Amino acid sequence: MTELTATELQTLTDRLTRRRQDLLAMIQAGASDAGHDNLRHIAGEVADSGDESTALQQTDLNLAEMENEVRELRAIDRALERVKDGTYGSCIECGCHIPYARLEAYPAAERCTDCQTRYERQYGGRDVTPSL
Ligand SMILES: [Zn+2]
């Protein structure tokens, strides 16, 4: 396992920064959608209960999506913090160097594949940086 080269680090940092901007735009768009739905609801434009439950389901879906986006955004922020600290690319559990191929697939990866697998087994489910 080798450390990241300056070029690799730059490539990954650029991708993290771009992804962060995309996510922010999506979250902002999602937030204004949700606001719009609520306004419609308050204005009583939803005529019958059938439409209302569809509208509510839609809002739930948007919220779930937004939650994922916010979680990914936080992971990216943490990754960018680690770039600043100079600890980016090291596994937060065992401290080994995370292989570039893994970081290329998931630039916000915090753990090496072994630690990620163990983490997922321990806590169940997957987070935003699944093991390869
Ligand atoms: Zn590890």
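I will try to describe carefully the structure that is included in this document. The shown structure was predicted, so the numbers you read here are calculated from the model rather than taken from an experiment. (Residues numbered from 1 in each chain as written. Predicted model: local features only at pLDDT ≥ 70, side-chain atom pairs only at ≥ 80, totals over all residues.)

## A look at the overall build of the chain
Right, so step 1: Summing up its helical and strand segments, the chain has four helices and zero strands in all.
Right, so step 2: Scanning the chain from its N terminus toward the C terminus, one meets helices and strands in the order α-α-α-α.
Right, so step 3: Expressed as a percentage of the 132 residues in the chain, the buried residues total 16%.
Right, so step 4: Nonlocal contacts in the chain, meaning residues at least 24 apart in sequence, comprise 54% of its contacts between residues at least 6 apart. (Helix = DSSP H or I, 4+ residues; strand = E, 2+ residues; numbered from the N terminus. Buried ≥ 20, exposed ≤ 12 C-beta atoms within 10 Å, placed from the backbone. Contact = placed C-beta atoms within 7 Å.)

## Concerning the nonpolar core
Right, so step 1: Formed by 14 residues in total, the largest nonpolar core has its most connected members in L16, I76, A79, I98 and A108.
Right, so step 2: Looking at this core, the elements with two or more residues in it are α1 (6-43) and α2 (49-85).
Right, so step 3: Looking at which element gives the most residues to this core, the answer is α2, with four residues. (Core = buried A, V, L, I, M, F, W, Y, C linked by C-beta atoms within 7 Å.)

## Let's talk about the environment of E8
Right, so step 1: Inspection of the secondary structure assignment puts E8 in helix α1.
Right, so step 2: Residue E8 is classed as partly exposed on the basis of its C-beta count, with 15 C-beta atoms lying within 10 Å.
Right, so step 3: Measuring from C-alpha to C-alpha, the distance between E8 and E104 comes to 8.9 Å, with 96 residues separating the pair along the chain.

## Section: the environment of L9
Right, so step 1: By secondary structure assignment, the location of L9 is in helix α1.
Right, so step 2: The partly exposed category is assigned to L9, around which 17 C-beta atoms lie within 10 Å.
Right, so step 3: In this structure, the C-alpha to C-alpha distance between L9 and V83, residues 74 residues apart in sequence, is 8.2 Å.
Right, so step 4: Ignoring anything within four residues of it in the chain, the contact list for L9 reads L4 and Y88.

What is shown is where atoms sit, not what they do.
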